[in-house]
Amino acid sequence: KNKVSCKAKAVDLLARSEQSRKRLIEKLKRSKYSEEEIEETVAWLEEKRYLREEDCCERRFQYMYEDSSYSLRQICVKLMQQGFERNLIHSFIPDDTYEREMAAAQRVAASKFKPGMDQRKLMNFLCSKGFDYDVSRSVVNDLLDDAWDCFILLPFYDIITPSELFKGGNTLGK
C-alpha cells in the first residue's frame, strides 16, 4: 500500500480545517510519520504560511467571544484543548470584558432560570460555566429583582411575593 507523504497528509488536514501546530503534530504522529518527517513538514508549512497559528487562534477566539454564550474562561479552556498556548490566547482578550461577560451570563441564566429555582443552584451553575463570582451574583440578583417587579395583588389586598409564588407556598383560598 502506498503511504501518502507527510506533507500531503498535513495539507489535507489543513484543507479540512485550520489546526494548531500542536494538534497537527498529534494527528501526524497518529498517522505513524517519523519525528523528522513531521518537523520538516511543519517547518515547510510555516514557511509557506499554510500553518498560521496566531491567525487561526485569533479567528477562533473572536468567533467564540462575539457569537457565543461561553464565559471567557470557557473560551480559553476550549482553545487550550485545541492545542493553542495560554499566552497566545490571552493576547486576544480585550481589556474590558465585564459588559460582555454580563451579557453572556444573562443569556445562560435566562435559559436555565425557572420560577422557584434556588438562587444558590443558579449561582453554582453560572460559576461552573466559568463565570466570575461577581458576575454570577449580579446576574442572579438582577433576575430576582425582575421577579420582585412583577408581584401580584390578589383580592382582599393580599400581596404574594415572588418567593411565595415561586415556591408554591401561597395559601390561596384558606
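Residues numbered from 1 in each chain as written. Predicted model: local features only at pLDDT ≥ 70, side-chain atom pairs only at ≥ 80, totals over all residues. Heavy atoms only, no water.

### Notes on unusual backbone geometry
Right, so step 1: Unlike most non-glycine residues, Lys32 shows phi in positive territory, near 70°.
Right, so step 2: Relative to the elements of secondary structure, Lys32 occurs in the loop between helix H2 (21-30) and helix H3 (35-47).
Right, so step 3: Residue classification places Lys32 among the exposed residues on the basis of a relative accessible area of 67%.
Right, so step 4: Phi at Arg49 is positive, roughly 65°, even though this residue is not glycine. (Helix = DSSP H or I, 4+ residues; strand = E, 2+ residues; numbered from the N terminus. Buried < 20%, exposed > 50% of the residue type's maximum accessible area, 1.4 Å probe, protein only.)

### Focus on the packing of aromatic side chains
Right, so step 1: Scanning the model with the defined rule gives 3 aromatic pairs in all.
Right, so step 2: A centroid spacing of 5.5 Å and a plane angle of 15° characterise the contact between Phe61 and Tyr65, whose relative ring orientation is stacked. Of this pair, Phe61 and Tyr65 both sit in helix H4 (residues 53-67), 4 residues apart, which is roughly one turn of that helix.
Right, so step 3: Take Tyr65: its relative accessible area is 11%, and that puts it in the buried class.
Right, so step 4: Relative to Phe92, the ring of Phe61 has its centre 6.4 Å away and its plane inclined at 35°; by these criteria the two rings are tilted. On the criterion of sequence distance, the pair formed by Phe61 in helix H4 and Phe92 in the loop between helix H6 (86-90) and helix H7 (98-112) is long-range, its members being 31 residues apart. (Phe/Tyr/Trp six-rings, centres within 6.5 Å; stacked < 30°, edge-to-face > 60°.)

Remember, this is a structural readout, not a statement about activity or role.
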